[in-house]
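Examination of the molecular architecture
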Amino acid sequence: MLKMHERRVEEKTENLKISAQFQGFKSTIKKLESRILELQKEHAEFRESVDDPEYVNRLKRKVRRTDEDLDNFKEENRQLRRKLARKDRQIFQLEDDLTELKNRYDEEIGWFDEDDELQ
């Protein structure tokens, strides 16, 4: 009799566990169904707005502004690169001038030794 009672308790416990899992699944399914409905509604609203000519025109204007900004950036980049190249040429010229001045100094004054100094 005790074994039969234990078996019934185990069966009821197992059934309760299965029932709880089933309720959890049902709850999850309901949540998913409501989320699907929300997404479908959002999608429908988005489709409506995409079909709206004013929305499309706003997007086109935004794209044009972005393209203009990109063109302006490219032009500014070109100008800065030109300035950089000009500065590089100036630096190279100054380095060449410095080298030439050092060479002239060595030719004209460099021959003077400390031993040749007047005492």
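Residues numbered from 1 in each chain as written. Predicted model: local features only at pLDDT ≥ 70, side-chain atom pairs only at ≥ 80, totals over all residues. Heavy atoms only, no water.

**Remarks on the UniProt feature "coiled-coil region" (unreviewed entry) in the protein**
We apply this condition: UniProt positions are given in the numbering used here, feature names are shortened, and annotations may be inferred rather than shown by experiment. Helix and strand assignments come from DSSP, with helices taken as H or I runs of at least 4 residues and strands as E runs of at least 2, each series counted from the N terminus.
Mapped onto this numbering, the UniProt entry annotates "coiled-coil region" (unreviewed entry) at residues 22-104. Counted over residues 22-104, helix gives 99% and strand 0%. Its end C-alpha atoms are 98 Å apart.

**Details of a positive patch on the surface**
In plain terms, the rule: Patches here: salt-bridge-free residues with over 30% relative accessible area, like charges joined within 9 Å, nonpolar side chains (Val, Leu, Ile, Met, Phe, Trp, Tyr) joined within 5 Å. The accessible surface values rely on the Shrake-Rupley method and a 1.4 Å probe; as for residues, cover is taken only from the protein chains in view. Each reported salt bridge corresponds to a side-chain nitrogen of Lys or Arg within 4 Å of a carboxyl oxygen of Asp or Glu. In this charge count, Lys and Arg are treated as positive and Asp and Glu as negative; neither His nor the chain ends contribute. Where a charge lies is defined by one atom per residue type: Lys uses NZ, Arg uses CZ, Asp uses CG and Glu uses CD. Note on exposure labels: buried denotes an accessible area under 20% of the residue type's maximum, exposed denotes more than 50%, and partly exposed covers the range between, all computed with a 1.4 Å probe on protein chains only.
Residues K3, R7, R8 and K12 make up a contiguous surface patch of positive charge. Residue position: R7 is located in helix α1 (residues 2-51). Residue R7 is classed as partly exposed on the basis of its relative accessible area of 49%.

**Some remarks on the pattern of salt bridges**
A complete count under the given rule lists 5 salt bridges for this structure. Notably, a salt bridge pairs E38 with R35, separated by 3.0 Å at the nearest N-O pair. Of this pair, E38 and R35 both sit in helix α1, separated by 3 residues, roughly a single helical turn. In this structure E38 comes out as partly exposed when scored by relative accessible area, which is 42%. Taking relative accessible area as the criterion, R35 reaches 38% and is therefore assigned partly exposed. Here E75 ties to R78 by a salt bridge, and the two come within 2.9 Å at their closest N and O atoms. Here E75 and its partner R78 are both found in helix α2 (residues 53-108), 3 residues apart, which amounts to about one turn of the helix. Accessibility expressed as a relative area gives 29% for E75, which makes it partly exposed.

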